[in-house]
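# A structural walkthrough
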Amino acid sequence: MIREWAANPRSYRPGEFLDARVTIGDRIVSVHLAPVFMGEEFVGTVSVFRDITAEVEAERSRVEFISMVSHELRTPITPILGYADLLLMGAAGEQTPVERDFLTAIKRNADRLTLLVSDLLDLSRIESGRLEFSLQETHVDEIVGNVLAGFQATARERRLLLRSEAEASLPPVMADPNRVVQILSNLVANACQYTLPGGEVVVCARVEGGEMHITVRDTGIGIPPEIQGKVFDRFFRADHPLVQSVPGTGLGLAIVKSLVEMHRGRVWVESEPGTGSTFTFTLPILPVDQMALRQRGPRAGRKRLEARAQTVPPTHPKPAAPARMGQESR
Ligand code: ADP
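As the structure is a computational prediction, the values presented were derived from the model and not from experiment.

Regarding its fold elements, the protein chain presents ten helices and eleven strands. Counting all 330 residues of the protein chain, 42% fall into the buried class. Long-range contacts, defined as pairs at least 24 residues apart, comprise 69% of the intrachain contacts of the protein chain with a sequence gap of at least 6.

With that settled, the discussion passes to the packing of helix α5 (residues 177-193) against helix α8 (residues 252-262). Where α5 meets α8, the closest approach of the two axes is 10 Å, and the angle between their N-to-C directions is 145 degrees. Between α5 and α8 the crossing geometry is left-handed. Contact with α5, carried on its side by Arg 179, Gln 182, Ile 183, Asn 186, Leu 187 and Asn 190, involves Gly 252, Leu 253, Ile 255, Val 256, Leu 259 and Val 260 of α8 and no other residues of that element. In terms of residue class, the contact of α5 with α8 is made up of seven nonpolar, four polar and one charged.

For the rest of this paragraph, the subject is the environment of Ser 245. Assignment of secondary structure puts Ser 245 in helix α7 (residues 241-245). A distance of 2.9 Å separates a polar side-chain atom of Ser 245 from the backbone oxygen of Leu 242.

The subject of this paragraph is the packing of helix α3 (residues 97-128) against α8. Closest axis-to-axis distance for the α3/α8 pair is 10 Å, and the angle between their directions is 30 degrees. When the interaxial angle is binned, α3 and α8 end up roughly parallel. Like other packed secondary-structure pairs, α3 and α8 cross with a definite hand, here left-handed. Mapping the contact onto sequence places Asp 119, Asp 122, Leu 123 and Ile 126 in α3 and Gly 252, Ile 255, Ser 258, Leu 259 and Met 262 in α8. For the contact of α3 with α8, the per-class residue count stands at five nonpolar, two polar and two charged.

On inspection of all chains with the given rule, the structure shows 15 salt bridges. Ionic pairing is found between Glu 211 and Arg 266, a salt bridge with its closest N-O pair at 2.5 Å. Taken together, the positions of Glu 211 in strand β8 (residues 211-218) and Arg 266 in the loop between α8 and β9 (267-272) put the pair 55 residues apart, joining distant regions of the chain. Classification of Glu 211 as partly exposed rests on a relative accessible area of 21%. Taking relative accessible area as the criterion, Arg 266 reaches 41% and is therefore assigned partly exposed. Three or more residues joined by partner-sharing salt bridges are found here, namely Glu 59, Arg 62, Glu 127 and Arg 234.

Our focus in this paragraph is the pairing of strand β3 (residues 41-51). Pairing geometry for strand β2 (residues 27-38) and β3, over ten bridges, is antiparallel. Bridge pairing links His 32 to Val 48 in β3. Between the antiparallel neighbours β2 and β3 lie two residues, among them Gly 39 with a positive phi of about 65 degrees.

With that out of the way, let us pick up unusual backbone geometry. Of note, Phe 235 is a non-glycine position whose phi angle comes to about 65 degrees, a positive value. Positioned with a positive phi, Arg 264 is a non-glycine residue whose angle comes to about 60 degrees. Counting through the fold element by element, Arg 264 comes out in the loop between α8 and β9. On the basis of relative accessibility, which here comes to 75%, the residue Arg 264 falls in the exposed class.

The next point concerns the site of the ligand. Taken together, 22 residues lie around the ligand, and Asn 190, Tyr 194, Asp 218, Arg 237 and Leu 253 are the ones closest in. One nitrogen or oxygen atom from the side chain of Tyr 194 is found 2.8 Å from an oxygen atom belonging to the ligand. Between Thr 249 and the ligand, the recorded distance is 2.9 Å, taken from a backbone N or O atom to an oxygen atom. Residues belonging to the shell around the ligand are distributed by class as follows: eleven nonpolar, seven polar and four charged.

In this section: helix α4 (residues 140-157). A rise of 1.5 Å per residue sets the reference length of α4, with its 18 residues, at 26 Å; its end C-alpha atoms lie 26 Å apart and thus fit the reference within 8%. Bending of α4 peaks at approximately 40 degrees at the position of Phe 151.

Let us now look at the side chain of His 263. Relative to the helices and strands, His 263 resides in the loop between α8 and β9. Judged by its relative accessible area of 3%, His 263 is buried. With near-sequence residues (within four places) excluded, His 263 lies in contact with Phe 133, Leu 135, Met 174, Ala 175, Asp 176, Arg 179, Val 180, Leu 283 and Pro 284.

Turning our attention to the packing of aromatic side chains. Here the structure, examined in full by the defined rule, presents four aromatic pairs. Aromatic pair Tyr 12 and Phe 37: ring centres 5.4 Å apart, planes at 50 degrees, arrangement tilted. Within this pair, whereas Tyr 12 is found in the loop between α1 (2-7) and β1 (18-24), its partner Phe 37 is found in strand β2, the two being separated by 25 residues in sequence. Assessed through its relative accessible area of 21%, Tyr 12 is described here as partly exposed. Considering the side-chain rings of Phe 37 and Phe 42, the 5.9 Å spacing of their centres and the 65 degrees angle between planes classify their relative orientation as edge-to-face.

The rules we used
- Residues numbered from 1 in each chain as written.
- Predicted model: local features only at pLDDT ≥ 70, side-chain atom pairs only at ≥ 80, totals over all residues.
- Heavy atoms only, no water.
- Helix = DSSP H or I, 4+ residues; strand = E, 2+ residues; numbered from the N terminus.
- Buried < 20%, exposed > 50% of the residue type's maximum accessible area, 1.4 Å probe, protein only.
- Contact = heavy atoms within 4.5 Å.
- Axes fitted to C-alpha atoms, helices over the stretch in contact; angles between N-to-C directions.
- Left-handed = near helix turned anticlockwise from the far one by under 90°.
- Nonpolar A, V, L, I, M, F, W, Y, C, P; charged D, E, K, R; others polar.
- Polar contact = N/O pair within 3.5 Å; in protein donor to acceptor, adjacent residues only side chain to side chain.
- Parallel < 35°, antiparallel > 145°, perpendicular 65-115°, else oblique.
- Salt bridge = Lys/Arg side-chain N within 4 Å of Asp/Glu carboxyl O.
- Pairing = 2+ DSSP bridges.
- Near = heavy atom within 4 Å.
- Expected span 1.5 Å × (residues − 1).
- Bend = angle between axes of the 7 residues up to and from the residue.
- Phe/Tyr/Trp six-rings, centres within 6.5 Å; stacked < 30°, edge-to-face > 60°.

Shown next, in the form of structure tokens:
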């Protein structure tokens, strides 16, 4: 980049700078570097070095702490859920209606804790770079079909019309298919959750501006303009009575945003309160030279093209809406 600035000063765009992190001995240093021009002539660079060791260590401790707490919490939740299920099945004899009510509340809240712990684990894996992530040729049409099939029962239960408007013969994208399923499932779960019976949820996929645009549109409660910028923040949940009446962690969209950005994509929302919301995310289309691979063999011959940090088992997608809906805490 510096060579480019020196050789071709006109290539410099105002505000552009180099941002790097270097390790010097046991210190971590952040470097910001910008070119200095005199008229059209490149005369050198100005650099700012900042020791960020303490910040990096504090951040690492925070991520490790969340990861440790989530793991520790998961262990006792499993037997709580298991025993609650056994008791509800009558393994220790019939219960009175009151006992059954209490047991149902225990199970419902243990389910909520499982959801929270699973979302926290996902976030901590993303933040620590330990998330299994494998980019490969991925067919969005198949994923849309599978995710929608998985949510049809929920949609029927909620009296929602759930359908696809994915375009025919879409090109493959470069993505991790498990993560695309996770992103889309989160968005469809939200759309079903925040749309009143009789409404509609539509998933579209189309190519636009050289990228794949995947959209989840609903006719639900919508999101007021003043909080649209906050819905991707961690733990944010709207004040709306429907949102408050269903369990949720406020972490789903933060995870969606991180996963989309790991694919070098973008995600945004357009919404009108009382009319509905449209969430869109983009994915890069498979480069043309890689398409040849696809033409050479059937889909079964998909090639893994790139892989990053693969040290942990896959994270759990946000549970399908049935597990989240119709539940309220006591
Ligand atoms: P959760 O669903 O667990 O609350 P999310 O991070 O998935 O957390 O969503 C954050 C908030 O964004 C929700 O609590 C809700 O207020 C709002 N939201 C998300 N999706 C929709 C939607 N399709 N329609 C209306 N509001 C939504």
